[in-house]
Amino acid sequence: SCDYCCITTLHRLVPGKRFRQRDPDKVVREMAWMYHERGARQFIFHDDNFLLPSATKNLERVGAFDRAMRANGLRHVGLVLKCRPQDVHEEVLRRLREMGLLRIFLGIESGSAEGLDSIGRRQTVEDEHRALQICEDLGISTQYTMIIFHPEATPRTMLADLAFVRDHAAHPLSFCRAEIYAGTPLEKRMIDAGRARGSYLAREYTY
């Protein structure tokens, strides 16, 4: 539901349910083919919602993946996935690490409440600190993006972002500006406020 995300905007435009999960057995069958036929050993899940806002449901789904992987002879593999900070749960990540989890890309995006509000992230800075600490305690490589430059950015929010980065110096990151993609809630908000310049091909704004 992020305001700046082109992926969720595409989900809003297509018919049917916005959130759909595939059967773990079907996913693992594809993994098994790549593993046995092509020698693949690392599997990267480009799924923003691999984990849900429920530790119980996550443990059930992860357990289904684990059973299917064992049944299909997938051993000594590396897993990489994405998740939201508020969905990080120590028991779930511990189970995934036992299955081969190597790295998580966390949707941090901002180290200040103002920054999170500006781009429509429904999480808290405390969620972010907690998630990174759990990953560090479990020895799971974690990386994230910091959107330092966004429509409501000020020197104070930028300094807060940099302070957040210093607090978690063990984790690699990238930093960027919030782009205004066509059709997003952020584009509408900036147009309505008279702050968007240019066309849908490349909109600009000041902050």
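Use the structure listed above.
Residues numbered from 1 in each chain as written. Predicted model: local features only at pLDDT ≥ 70, side-chain atom pairs only at ≥ 80, totals over all residues. Heavy atoms only, no water.

Participant: Could you give an account of a nonpolar patch on the surface, with specific residues and numbers?
Facilitator: On the surface, Leu10, Leu13 and Val14 cluster together to form a nonpolar patch covering roughly 310 Å² of accessible area. Looking at the element boundaries, Leu13 is found in helix α1 (residues 6-13). (Patch = residues over 30% accessible without salt bridge, like charges linked within 9 Å, V, L, I, M, F, W, Y side chains within 5 Å. Areas by Shrake-Rupley, 256 points an atom, 1.4 Å probe, with all protein chains shown as cover. Salt bridge = Lys/Arg side-chain N within 4 Å of Asp/Glu carboxyl O. Helix = DSSP H or I, 4+ residues; strand = E, 2+ residues; numbered from the N terminus.)

Participant: Give me the pairing of strand β2 (residues 78-83): which residues, what numbers.
Facilitator: Along β2, five of the six residues are buried, which leaves the element largely enclosed by surrounding structure. Direction of pairing for strand β1 (residues 42-44) relative to β2: parallel, over a ladder of three bridges. Of the residues in β2, the one forming a bridge with Phe43 is Leu79. Following the chain from β1 across helix α3 (residues 55-71) to the adjacent parallel β2, one finds a crossover that is right-handed. With five bridges connecting them, β2 and strand β3 (residues 101-109) associate as parallel partners. When the sheet's bridge partners are listed, Leu79 is paired in β3 with Leu101. With helix α4 (residues 90-99) bridging β2 and the parallel β3, this β-α-β connection has right-handed handedness. (Buried < 20%, exposed > 50% of the residue type's maximum accessible area, 1.4 Å probe, protein only. Pairing = 2+ DSSP bridges. Right-handed = clockwise from strand over helix to strand, strands pointing away.)

Participant: Any details on the sheet that holds strand β4 (residues 141-149)? Residues and values, ideally.
Facilitator: Across the sheet, which stays open at both edges, the five strands sit in the order β1-β2-β3-β4-β5 with parallel pairing between neighbours. For this open sheet the edge positions go to β1 and β5 (173-177), each flanked by a neighbour on one side alone. Geometrically, the sheet is characterised by an average inter-axis angle of 15° between neighbouring strands, direction not taken into account. (Axes fitted to C-alpha atoms, helices over the stretch in contact; angles between N-to-C directions.)

Participant: I'd like a rundown of the packing of α3 against α4, residues and numbers included.
Facilitator: At a closest axis distance of 9 Å, the pairing of α3 and α4 adopts a crossing angle of 10°. The orientation of α3 with respect to α4, classified from their angle, is roughly parallel. Within the contact between the two elements, α3 uses Ala55, Asn58, Leu59, Val62, Gly63, Phe65, Asp66 and Met69 and α4 uses Glu91, Val92, Arg95, Leu96 and Met99. (Parallel < 35°, antiparallel > 145°, perpendicular 65-115°, else oblique. Contact = heavy atoms within 4.5 Å.)

Participant: So what's going on with the layout of surface pockets? Which residues, and what values?
Facilitator: Of the voids in this model, the second largest pocket is the one considered here, and its volume is about 180 Å³. Every element with two or more residues in the lining of the second largest pocket is listed here: α3 and α4. Of all the elements, α3 adds the most residues to the lining of the second largest pocket, at three residues. A class-by-class count of the residues in the lining of the second largest pocket yields four nonpolar, two polar and four charged. (1 Å grid on protein atoms, 1.4 Å probe; cavity = no way out; pocket = protein on both sides within 12 Å on 5 of 7 lines; lining within 4 Å. Points joined across faces, edges and corners; volume = space filled by probe spheres on them. Nonpolar A, V, L, I, M, F, W, Y, C, P; charged D, E, K, R; others polar.)

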